[in-house]
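Summary of structural features
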Amino acid sequence: MNSTHDPAPRNPDPLDAAPLDAADPLAAYVDRFVPAPGVAAYLDGNSLGRPLRATADRFADFVAGDWGTGLIRSWDDRWMDFPTETGDRIATVVLGSAPGQTVVGDSTTVLLYKAIRATLELGQRQGRHEILLDDDQFPTDRFVIEGIARERGATVRWIRVDPALGVTPSLVRDAVSRDTAVVVVNHVSYRSGFIADLASITRIAHEAGALAVWDLCHSVGVVPFSLDDADVDLAVGCTYKFLNGGPGAPAFLYARADLHPALEQPIQGWMGAADVFEMASTFEPASGIRRFLSGTPPIVGMLAMNDMLDLLDEVGLESVRAKSLALTDYAFALSDALLAPLGVVAATPREHRIRASHVTLRHEAFRATLPALWAGGVVPDFRNPDALRLGLSPLSTTFAEVRTGVEAIVEALRGRLEP
Ligand SMILES: *Cc1c(COP(=O)(O)O)cnc(C)c1O
């Protein structure tokens, strides 16, 4: 045997991306997305998902067809029901919930306002005046809650959490009381990527006689769960992150069916009325989830998310979750080998059970590295004061991209650290 012709590979690189991409059963789906020339590594799928090729076709068809030819008739034919039809599609594919409980409407912020205010009012009727939240929540959640509390004479009770994790059942148990009207929880921490315990925290809220409102922005479409099984009361989530609905795509609101008759949302408008075209002299809310609509629904904004929902339905959320964990495992391995020696700290839980689809890395020089990274087509996102988040959207991200991205971060960081 002539060993010089066929040498055994010497020290194969244990962090090589190629074998991981070759073995990835979902690798082919990357081609379903619109190519992004000049982008070497898109690591911000948790802030803005990439567009699908199918969406480009859907937009063109929509302009020529439903809008261009159907004109105003399309409201009767399909658009009036589009917010609840799309809501049902979201419910079935990614919320693990039965139809009739989800509607697509305004921005996340506005729907949080509607959901939290409606729930608070239910609690206030029973003499409960506290909104419970934690200090790790996304700014808009905290701002909306403080505004509602001011409007309604309610009290905000804060839970302090470990920023490398997030809110836990025991922290909630210690903070709920007979004064709690509503507990607001971010399912996944936008900072650490920690997954909060949907079912346990909801149960603890219920045991205290309170309701739970969940913000699903960073979990929907990438972490499997069932709102129905967890007995969740209300939930709101983004569609432009892992649901690829496009910039400013409207959010969805879920409300458990048995609560509908009691929930009065604060922006009552004609589109949430029992009979939209009756042009009645007084407001009578629609009987079901439609009552959460206010004005004319943003139909154009709901188009793209339907393509991603089709794709998620085709692939299955469990497979998406498996790739998400493989990608974040790989990001950790690269970071441990290449970034930790430069003083970078990973601020995301390593345990699969409580880890969503982004990895947060911290270093005080990260802010200064961002312009060079973006200029080189490496796009992570930065969060004050010192965090880079690698947001790995499973169907549009390759292992090679993660490697390219981390290597570029190493280079940019070295450039800042060396004199
Ligand atoms: C992205 C995000 C939002 C965004 O709210 P908008 O009204 O869509 O701007 C809200 N909450 C969380 C947890 C988020 O991650």
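Residues numbered from 1 in each chain as written. Predicted model: local features only at pLDDT ≥ 70, side-chain atom pairs only at ≥ 80, totals over all residues. Heavy atoms only, no water.

1. Re the overall build of the protein chain
Looking only at helices and strands, the protein chain features twelve helices and 13 strands. Counting only C-alpha atoms and orienting by the principal axes, one finds that the protein chain spans roughly 90 × 55 × 45 Å. For the protein chain, the residues scored as buried account for 56% of the 419 residues in total. On the protein chain, roughly 18,100 Å² of surface is accessible, and the fraction owed to carbon and sulfur atoms is 54%. Distance from the positive charge centre (37 side chains) to the negative charge centre (54 side chains) of the protein chain: 4 Å. (Helix = DSSP H or I, 4+ residues; strand = E, 2+ residues; numbered from the N terminus. Buried < 20%, exposed > 50% of the residue type's maximum accessible area, 1.4 Å probe, protein only. Areas by Shrake-Rupley, 256 points an atom, 1.4 Å probe, with all protein chains shown as cover. Lys, Arg positive; Asp, Glu negative; His and termini not counted. Charge placed at Lys NZ, Arg CZ, Asp CG, Glu CD.)

2. Notes on the domain arrangement of the protein chain
Per the domain assignment, the segments making up the protein chain are domain 1 (18-53 + 316-417) and domain 2 (56-312). For domain 1 versus domain 2, the separation of C-alpha centres amounts to 28 Å. Between domain 1 and domain 2, the contact holds 33 residues from the first and 29 residues from the second. Note on domain 1 versus domain 2: buried area summed over both sides is about 2,400 Å², and carbon and sulfur give 64% of it. Applying the counting rule to domain 1 against domain 2 returns zero salt bridges. Counting the contacts that link domain 1 with domain 2 gives 14 residue pairs in polar contact (both at pLDDT 80 or more). (Domains from an automatic or database assignment. Contact = heavy atoms within 4.5 Å. Buried area = accessible area lost by both parts, 1.4 Å probe. Salt bridge = Lys/Arg side-chain N within 4 Å of Asp/Glu carboxyl O. Polar contact = N/O pair within 3.5 Å; in protein donor to acceptor, adjacent residues only side chain to side chain.)

3. Some remarks on the site of the ligand
For the ligand, the set of nearby residues contains 13 residues, the closest of which are T109, D215, H218, Y240 and K241. Y240 has a polar side-chain atom sitting 2.6 Å from an oxygen atom of the ligand. K241 has a polar side-chain atom sitting 2.6 Å from an oxygen atom of the ligand. Expressed as a share of its isolated accessible area of 390 Å², the protein-covered part of the ligand is 87%. Elements that contribute at least two residues to the shell around the ligand include exactly α5 (108-125) and α6 (139-152). Taken together, the residues of the shell around the ligand break down into four nonpolar, six polar and three charged. (Near = heavy atom within 4 Å. Nonpolar A, V, L, I, M, F, W, Y, C, P; charged D, E, K, R; others polar.)

4. Side note on the packing of helix α11 (residues 366-375) against helix α12 (residues 399-417)
Two elements in contact, α11 and α12, have axes separated by 9 Å at closest approach and are oriented at 120°. As far as their axial angle goes, α12 and α11 are oblique. Like other packed secondary-structure pairs, α11 and α12 cross with a definite hand, here right-handed. Residues F366, A368, T369 and L373 of α11 pack against A408, I409, A412, L413 and R416 of α12. Grouping the constituent residues of the contact of α11 with α12 by class yields seven nonpolar, one polar and one charged. (Axes fitted to C-alpha atoms, helices over the stretch in contact; angles between N-to-C directions. Parallel < 35°, antiparallel > 145°, perpendicular 65-115°, else oblique. Left-handed = near helix turned anticlockwise from the far one by under 90°.)

5. Considering the nonpolar core
Within the largest apolar cluster, 91 residues are counted, with the highest numbers of intra-cluster contacts made by V94, L95, I116, W214 and L395. In terms of residue count, α5 provides more of this core than any other element does, eight residues in total. Counting only domains with at least three residues in this core, you end up with domain 1 (18-53 + 316-417) and domain 2 (56-312). Look past the residues within four positions of V94 in its chain and what remains in contact with it is V220, G221, F225, L243, L309, L312 and L317. If you look at the next biggest cluster of nonpolar residues, it comprises 30 residues, including L339, L388, A412 and L413. (Core = buried A, V, L, I, M, F, W, Y, C linked by side-chain atoms within 4.5 Å.)

6. Describing the packing of aromatic side chains
In this structure the tally under the stated criterion is six aromatic pairs. Here F62 and W67 contribute two aromatic rings whose centre-to-centre distance is 6.3 Å and whose plane-to-plane angle is 45°, an arrangement assigned as tilted. According to the relative accessible area criterion, W67 is partly exposed, its value standing at 48%. Ring geometry for F138 versus Y190: centroids 5.1 Å apart, planes at 80°, classification edge-to-face. Of this pair, F138 sits in the loop between β3 (130-134) and α6 while Y190 sits in the loop between β5 (180-186) and α8 (198-207); the two residues are 52 residues apart in sequence, bridging distant segments of the chain. (Phe/Tyr/Trp six-rings, centres within 6.5 Å; stacked < 30°, edge-to-face > 60°.)

7. Things to note about the sheet that holds strand β8 (residues 252-255)
Ordered in space as β2-β8-β7-β6-β5-β3-β4, the seven strands form an open sheet in which the pairing is mixed. In this open sheet, the two strands that pair with only one neighbour each are β2 (102-104) and β4 (155-159). Pairs of neighbouring strands in the sheet enclose a mean axial angle of 20°, with direction left out of account. Sheet topology places strand β6 (residues 211-215) next to strand β7 (residues 234-237); three bridges connect them, and they run parallel. Across the sheet, W214 pairs through a bridge with A235, a residue of β7. Those strands touched by helix α4 (residues 82-95) are β2 and β8, and its axis lies near 120° from that of β2. (Pairing = 2+ DSSP bridges.)

8. Brief notes about the pattern of salt bridges
Following the criterion strictly, the structure yields 26 salt bridges and no others. Residue D310 is joined to R89 by a salt bridge in which the shortest nitrogen-to-oxygen separation is 2.9 Å. In this pair, D310 is assigned in helix α9 (residues 303-315) and R89 in helix α4, connecting sequence segments 221 residues apart. Residue D310 is classed as partly exposed on the basis of its relative accessible area, which comes to 34%. Residue class for R89 comes out partly exposed when judged on its relative accessible area of 24%. Across the pair R152 and E121 runs a salt bridge whose closest N-O atoms are separated by 3.8 Å. One end of the pair, R152, is in helix α6; the other, E121, is in helix α5, and 31 residues separate them in sequence. The partly exposed category is assigned to R152, whose relative accessible area is 30%. Through salt bridges with shared partners, a single ionic network connects R58, R89, D307, D310 and D313.

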